[in-house]
Amino acid sequence: MKRSGKLTWRMKFFFFVVAGLLSISLSGVAHADWSFGIGTGIFLLNVEGDMGLDTASGPVELDVDLDPSDIMDVAETMFGFGGY
C-alpha cells in the first residue's frame, strides 16, 4: 500500500466530524454557567466499605478501610481515569 502526502477521504471525514462535534459542544458550554477541561492531577485514594467474595464454601463479606498510606504500601505505580 503506497502512502502519499495527501490526506485520504477517511482522514478528511474524521477531521470534519471531530471539528463539528467540538463546535457543537463548545457552543453549548458558552451559554452555560459551567466549563470543562482535560488535565492531569495527583490525588490520594481512600477506600472504605464492604467487599464480598464468592468462595467454594459460600459467600464471605469483609469490611474494608484503607488509608492512602495503606494503598501506597501495596501498589508501587497506579494509573486510572476519572470523570465528573
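Owing to the predicted nature of the structure, the values given are computational and were not obtained by experimental measurement.

With that out of the way, let us pick up the overall build of the protein chain. Secondary structure summary: the protein chain contains two helices and two strands in total. Counting from the amino terminus, helix and strand elements in the protein chain follow one another as α-β-β-α. With 84 residues in all, the protein chain has 4% of them scored as buried. Sequence separation of 24 or more characterises 15% of the internal contacts of the protein chain that already satisfy a separation of 6 or more. Total accessible area on the protein chain stands at roughly 8500 Å², and carbon and sulfur atoms take up 63% of it.

Together, Glu-48, Asp-50, Glu-61, Asp-63, Asp-65, Asp-67, Asp-70 and Asp-73 make up a negatively charged patch on the protein surface. For the negative patch, the secondary structure elements donating two or more residues are β1 (47-55), β2 (58-66) and α2 (68-74). For the negative patch, the element with the most residues is β2, which contributes three residues. Here Glu-48 lies in strand β1. Under the relative-accessibility criterion, Glu-48 is labelled exposed at 62%.

Bringing the pairing of β1 into the picture now. Where β1 lies against β2, nine bridges are found, and the strand directions are antiparallel. Bridging across to β2, Gly-52 finds its partner in Glu-61. In sequence, β1 turns back onto β2 through a hairpin of two residues.

Looking now at a nonpolar patch on the surface. Nonpolar side chains collect at one region of the surface, where Trp-9, Phe-13, Phe-16, Val-17 and Leu-21 lie side by side and expose about 630 Å² of accessible area between them. Tracing the chain through its elements places Phe-16 in helix α1 (residues 9-30). A relative accessible area of 64% means that Phe-16 is categorised as exposed.

Take the environment of Pro-59 next. Considering the arrangement of structural elements, one finds Pro-59 in strand β2. Residue class for Pro-59 comes out exposed when judged on its relative accessible area of 70%. Sequence-distant contacts of Pro-59, defined by excluding residues within four places in its chain, comprise Leu-53 and Asp-54.

Our next topic: the confidence of the model for the protein chain. Chain-level pLDDT for the protein chain is 76 on average; 65% of the residues reach the 70-or-more range. When the elements of the protein chain are averaged for pLDDT, α1 gives the smallest value, 75, and β2 the largest, 90.

About the criteria used
- Residues numbered from 1 in each chain as written.
- Predicted model: local features only at pLDDT ≥ 70, side-chain atom pairs only at ≥ 80, totals over all residues.
- Heavy atoms only, no water.
- Helix = DSSP H or I, 4+ residues; strand = E, 2+ residues; numbered from the N terminus.
- Buried < 20%, exposed > 50% of the residue type's maximum accessible area, 1.4 Å probe, protein only.
- Contact = heavy atoms within 4.5 Å.
- Areas by Shrake-Rupley, 256 points an atom, 1.4 Å probe, with all protein chains shown as cover.
- Patch = residues over 30% accessible without salt bridge, like charges linked within 9 Å, V, L, I, M, F, W, Y side chains within 5 Å.
- Salt bridge = Lys/Arg side-chain N within 4 Å of Asp/Glu carboxyl O.
- Lys, Arg positive; Asp, Glu negative; His and termini not counted.
- Charge placed at Lys NZ, Arg CZ, Asp CG, Glu CD.
- Pairing = 2+ DSSP bridges.
- pLDDT = per-residue confidence, 0-100.

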